[in-house]
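# Geometric and topological summary
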Amino acid sequence: MSLTAEAIHAAAARLADHVLRTPCVPSRTLSEICGCEIFLKFENLQFTASFKERGALNKLVQLSAVERARGVLAVSAGNHAQGVAYHAQRLGIPATIVMPRFAPAVKVDNTRRFGATVMLEGDTFDDARTFGLDFAEKQGLTVVHPYDDLAVAAGQGTIGLEMLAECPDLDTLVVPVGGGGLISGVATAARALAPALQVFGVQTERFPAAWNAFHGEQAPCAQATIADGIGVRQPGALTVPLIRERVHDLLLVGEDDLERAIVMLLEIEKTVVEGAGAAGLAALLRHRERFAGRRVGLILSGGNIEPLLLAEIIRRGMVRSGRLARLRFDVRDVPGALADVAAMLGKLGANIAEVQHQRAFSSLSVERAHIEVVAHTRGLAHIDEILAAAAAMGYRAELTG
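Right, let's walk through the structure included here. (Residues numbered from 1 in each chain as written. Predicted model: local features only at pLDDT ≥ 70, side-chain atom pairs only at ≥ 80, totals over all residues. Heavy atoms only, no water.)

Looking now at the overall build of the chain. What the chain contains, in helices and strands, is 16 helices and 14 strands. For the chain, the spread of C-alpha atoms along the principal axes amounts to about 80 × 45 × 40 Å. When contacts within the chain are restricted to residue pairs at least 6 apart in sequence, long-range pairs at least 24 apart make up 73% of them. (Helix = DSSP H or I, 4+ residues; strand = E, 2+ residues; numbered from the N terminus. Contact = heavy atoms within 4.5 Å.)

Listed below in structure tokens is the structure:
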């Protein structure tokens, strides 16, 4: 049995009026930056802030009355959990969700809010899966797999139908890949409508499981990634053959690429995405030459990101772009030195956020001191202007972060 375009069209009929038909719109600014025409599919606008509810609902509505009465179980780090919990609640189906203990608190809380019984088991997704499958067998629960299920993949594939309906001239789709359910469904749907269209998958370098399967490599997986939604160590047995048959290539991106893409989508598109949701844009930034001049559809697959993580990513992005700088000034330890540095920074338009006057923890001679300042600046050129002004005043100054 394989995934067919007919199954995806049938899924679209089941999902109509029950999931949001999210917009797919062009981004002029991102297109200029990346050198190709970019169209964004805002799946982070779904009620659960993720595409995952499409596949979950398509699976749930096809259960028998007996299966519904017994209940379902899903193992998930977050987005699939919310999709299953939400639609199971709508349909009156008891749902048990097994999540690893490291699952983001925002995803755990939202899953509980949808009425599911949440069990936190294991330090890794694999540990949680082992426990969950055993528990489901003992309790007679139907497992709703996050990706290795053709009904789930067909539900995710409805995204491809919608993108091609709104933007029929697309010649490329770039899709985040964890276990492979999303890209299997999207590639099947889109290439049935446009056989020449190229589909690219994106994985993080820290979890290259599907990339390994596609390229015949054995790159190791790490412990964690900010793209936790695609942090999967083993792709699906059903999805890998579909990826090999229907996907043009799989690409890897780094954590820095993901952070940069998250910040760009926030600043330019005013939209919040999680790490996995930024993977497509990260690939365009990392592999710019592969997409030059093409009409590219990106799926912003989810927006469930921890606020503290988002705040840290924003802060790091500001440092990289030169809008937040830590500067160290070597000055004489005399009255007025700190005031002179502050006045110089104010005159040049830098806003001081933090300041530390360091005497003891320094290798400087006793008559000198370090003034360390964290300041809001206007970019790298502005930092160079500040360093030049400090030198003109006789200070040794350096950028330290």
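Another point: the sheet that holds strand 13 (residues 368-376). The 4 strands are arranged 12-13-11-14 in an open sheet whose pairing can be described as antiparallel. Two strands in the sheet have a free side with no partner beyond their single neighbour: strand 12 (351-358) and strand 14 (396-399). Ignoring strand direction, the axes of neighbouring strands in this sheet form an average angle of 20°. Inspection of the sheet shows strand 12 paired to strand 13 by 7 bridges, in the antiparallel sense. When the bridges of strand 13 are listed, Asn-351 appears paired with His-376. Against the sheet, helix 15 (residues 337-347) touches strand 11 (324-332), strand 12 and strand 13, its axis set at about 140° to strand 11. (Pairing = 2+ DSSP bridges. Axes fitted to C-alpha atoms, helices over the stretch in contact; angles between N-to-C directions.)

Taken in spatial order, the 6 strands make up an open sheet running 1-2-10-7-8-9, and their pairing is mixed. Only two strands of the sheet have a single partner each, and these edge strands are strand 1 (24-26) and strand 9 (249-253). Between one strand axis and the next, the sheet turns by 25° as a mean value, whatever way the strands run. Relative to strand 10 (residues 295-299), strand 2 (residues 37-41) is paired through 5 bridges, and the arrangement is parallel. Residue pairing across strands places Glu-37 opposite Arg-295, the latter belonging to strand 10. Of the strands in this sheet, strand 7 (172-176), strand 8 (198-204) and strand 10 are in contact with helix 9 (residues 181-193), which crosses strand 7 at around 165°.

Evaluated as defined, the whole model comprises 5 aromatic pairs. With centroids separated by 5.4 Å and ring planes inclined at 50°, the aromatic side chains of Tyr-86 and Phe-114 adopt a geometry described as tilted. Of this pair, Tyr-86 sits in helix 5 (residues 79-91) while Phe-114 is found in the loop between helix 6 (105-113) and strand 5 (117-120), placing the two residues 28 residues apart along the sequence. Here the two residues Tyr-86 and Phe-114 agree in accessibility, since each one is buried. Where Phe-131 meets Phe-135, the ring centres are 6.0 Å apart and the plane angle is 15°; that geometry is what we call stacked. Taken together, the positions of Phe-131 and Phe-135, both in helix 7 (residues 125-139) and 4 residues apart, correspond to about one turn of that helix. On the basis of relative accessible area, Phe-131 is assigned to the partly exposed category, the value being 28%. By the ring-pair criterion, three or more aromatic residues cluster together here, those being Phe-47, Tyr-86 and Phe-114. Between the NZ or CZ atom of Arg-113 and the centre of the ring of Phe-114, over which it lies, the distance is 4.9 Å. (Phe/Tyr/Trp six-rings, centres within 6.5 Å; stacked < 30°, edge-to-face > 60°. Buried < 20%, exposed > 50% of the residue type's maximum accessible area, 1.4 Å probe, protein only. Lys NZ or Arg CZ within 6 Å of the ring centre and 35° of its normal.)

Here we take up the environment of Leu-387. Relative to the assigned elements, Leu-387 resides in helix 16 (residues 380-392). Distance in space between the C-alpha atoms of Leu-387 and Ala-397 is 6.1 Å, their sequence separation being 10 residues. Sequence-distant contacts of Leu-387, that is, excluding residues within four places in its chain, are made with Leu-327, Ala-397, Glu-398 and Leu-399.

Another point: a nonpolar patch on the surface. A contiguous nonpolar surface patch, about 220 Å² in accessible area, is contributed by Leu-338, Ile-352 and Val-355. With respect to the element layout, Leu-338 can be found in helix 15. (Patch = residues over 30% accessible without salt bridge, like charges linked within 9 Å, V, L, I, M, F, W, Y side chains within 5 Å. Areas by Shrake-Rupley, 256 points an atom, 1.4 Å probe, with all protein chains shown as cover. Salt bridge = Lys/Arg side-chain N within 4 Å of Asp/Glu carboxyl O.)

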